Amino acid sequence: MSAQHGASAASWTGISVILVGAFLGGFAVVLARPWLFAVAVGIAVLGVVAGKVMSVLGFGAAPGYHRPVDEATRDTWAAQRPVPPDKDV
């Protein structure tokens, strides 16, 4: 697994903009302002688009970050995982 754990400029930007939209949406609900809520939803959608565009431009996680795990590695991980005492394997 990569050391970056998916932390990239694209993910930080996308999530930050989405959070701004979410907070603004919550504020709009409290104030009962439907137009402000619509603006907040638009901001959240722009956050998704910004994150994807930045990822396509090369600011996302490195290629191969999410790669399939072969069966031998998966079985090794499963064997190392402790089994709770009340569960039978």
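Below, the structure is looked at part by part. Source: prediction; values computed, not measured. Numbering of residues begins from 1 in every chain and follows the order in which that chain's sequence is written. At least 70 in pLDDT is required for a residue's local features to be given in this predicted model, at least 80 for side-chain atom pairs to be given and counted, and no such filter applies to totals for whole chains, interfaces and linings, which use all residues. Derived side-chain values reflect all non-hydrogen atoms in the structure, with water molecules and hydrogen atoms excluded from consideration.

## Focus on the overall build of the protein
Runs of H or I in DSSP of at least four residues are treated as helices and runs of E of at least two as strands, each being numbered from the N terminus. Scanning the protein from terminus to terminus reveals 3 helices and 0 strands. What you see in the protein, going N to C, is helices and strands ordered as α-α-α. Residue contacts are defined here by distance: any two heavy atoms, one from each residue, within 4.5 Å place the two residues in contact. Excluding contacts between residues fewer than 6 apart, the proportion of contacts in the protein whose partners are at least 24 apart in sequence is 60%. For the area figures, the Shrake-Rupley method with a 1.4 Å probe applies, and any residue is considered shielded solely by the protein chains shown. With the model as given, the accessible surface of the protein reaches about 7,000 Å², and the carbon-plus-sulfur share is 70%.

## Let's talk about the environment of S16
Mapped onto the fold, S16 is located in helix α1 (residues 9-31). S16 gets classed as partly exposed once you look at its relative accessible area, which sits at 38%. On a C-alpha basis, the gap between S16 and G47 in space is 7.5 Å, while along the polypeptide they are 31 residues apart. Between N or O atoms, a polar contact is any pair within 3.5 Å; within protein, one atom must be a potential hydrogen donor and the other a potential acceptor, and residues adjacent in sequence are included only when both atoms are from side chains. A distance of 2.6 Å separates a polar side-chain atom of S16 from the backbone oxygen of W12. Per-residue accessibility, obtained with a 1.4 Å probe over protein chains only, is compared with the maximum for each type, and a residue is labelled buried under 20%, exposed over 50%, and partly exposed between these values.

## Regarding the side chain of S8
Mapping S8 onto the fold places it in the segment before α1. When residues no more than four places from it in sequence are discounted, the contact partners of S8 are F59, G60 and A61.

## Regarding helix α2 (residues 34-59)
The set of residues buried in α2 consists of L36, A40, G47 and G51. For α2, the secondary structure elements touched by its buried residues are α1.

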